[in-house]
Amino acid sequence: MSNYQENIKYLIQRPKTPVIKPPMHRSMFNSSIRREFKLNKGCHQTMGYAEVKVNEPSEFLKKKSRKVIRPFVENTKTSIKNPVQCSCYPNKPSSTKKNSRNFLRENIVDVVRKVPPLPKHRVQDSRDGHTIVLDESGLEPLYVLKKDFGKLPLYIEKIFKKKETVRQKEVERIQAIKPPIRHLPKEERFVLLTGLKANWAELHKQFLLLPILTDSVTKINRKTNLENQLRNLEKDIDLLERYPNLYVCDENA
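Model, not experiment: these values are computed from the prediction.

Novice: Mind showing me how you'd approach a positive patch on the surface here?
Specialist: There is a patch of like positive charges on the surface, built from Arg-26, Arg-34, Lys-38 and Lys-41. Structurally, the position occupied by Lys-38 is in helix H1 (residues 30-39). Judged by relative accessible area, which is 64%, Lys-38 ranks as exposed.

Here you go:
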């Protein structure tokens, strides 16, 4: 078949199928709302009601011409002799004591006895007369000159004493339960001595395997560390061999 072959069935236009829309929702109160809206729509289209009498231009509103009816309130005057009794505090005695304090005399006495203020330490720092109060500027070392400067505050000392007391009581309690020093038995002494000698032999073997030439920092540090460990083990072995009767302290008990 050729690519340019035509088909006559596409020449006739096909009718478009109409789109059927669903019916629009209408409220059941639509008619009643429209009726009520039109019922009172034109009742106030004029400037006021027709039957209202309009005042003349000469009869304008004047001051205090409107009659205002206020609610009636009974005036109850209270006096010192017959005060009004409250319902929540019936028969409460009235406090009518006069204050005999003379504030004027007290103020005069306070001013007479007042210590005159000391002159402030001022320094002039410009030729225009600008002065600085050194006590208020922070340039004077006032805090350093205090008696308690550099000392431990009292409340911290109390806290330290309290903690020390608690620690001392705990130590005394532990000592009362189990004595801190005990005698080292021969079996345990022999086990310790055997273990120390085995450790010394192992470290001595490592020391003999070190190179003869120590030309680096790593070699020097390793040799020094092994020498220190051997020296400490020799001291412990000598201590166990020299003294048969030893007492040890169990700190973690």
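Novice: Explain the UniProt feature "coiled-coil region" (unreviewed entry) in the protein here, please?
Specialist: Those places that UniProt annotates as "coiled-coil region" (unreviewed entry) correspond, in this numbering, to residues 216-243. Regarding residues 216-243, the helix share stands at 93% and the strand share at 0%, and the terminal C-alpha atoms are separated by 42 Å.

Novice: Where do I start with the pattern of salt bridges in this structure?
Specialist: Side-chain pairing between opposite charges can occur once the charged atoms of the two side chains come close. The final tally for this structure, using the stated rule, is 7 salt bridges. When the shortest N-O distance is used, the salt bridge between Glu-106 and Arg-101 registers 3.0 Å. Judged by relative accessible area, Glu-106 falls into the partly exposed class, the value being 30%. In this structure, Glu-136 and Lys-120 form a salt bridge, with 3.1 Å as the shortest nitrogen-oxygen distance. Of this pair, Glu-136 sits in helix H3 (residues 134-137) while Lys-120 is found in the loop between helix H2 (103-113) and strand E1 (122-124), placing the two residues 16 residues apart along the sequence. When its relative accessible area of 58% is taken as the criterion, Glu-136 is described as exposed.

Novice: How should I be thinking about the packing of aromatic side chains in this particular structure?
Specialist: Any pair of aromatic rings gets described here by the distance separating the centres and the angle formed by the planes. All told, the structure shown has 1 aromatic pair when counted by the stated rule. For the ring pair Tyr-143 and Phe-149, a centre distance of 5.6 Å and an interplane angle of 90° mean the geometry is edge-to-face. A relative accessible area of 58% places Tyr-143 in the exposed class. On the accessibility criterion, Phe-149 (41% relative accessible area) is partly exposed. Residue placement shows Lys-62 over the ring face of Phe-60; its charged tip is 5.5 Å from the ring centre.

How each quantity is defined
Residues numbered from 1 in each chain as written. Predicted model: local features only at pLDDT ≥ 70, side-chain atom pairs only at ≥ 80, totals over all residues. Heavy atoms only, no water. Patch = residues over 30% accessible without salt bridge, like charges linked within 9 Å, V, L, I, M, F, W, Y side chains within 5 Å. Areas by Shrake-Rupley, 256 points an atom, 1.4 Å probe, with all protein chains shown as cover. Salt bridge = Lys/Arg side-chain N within 4 Å of Asp/Glu carboxyl O. Lys, Arg positive; Asp, Glu negative; His and termini not counted. Charge placed at Lys NZ, Arg CZ, Asp CG, Glu CD. Helix = DSSP H or I, 4+ residues; strand = E, 2+ residues; numbered from the N terminus. Buried < 20%, exposed > 50% of the residue type's maximum accessible area, 1.4 Å probe, protein only. UniProt positions renumbered as here; feature names shortened; annotations may be inferred. Phe/Tyr/Trp six-rings, centres within 6.5 Å; stacked < 30°, edge-to-face > 60°. Lys NZ or Arg CZ within 6 Å of the ring centre and 35° of its normal.

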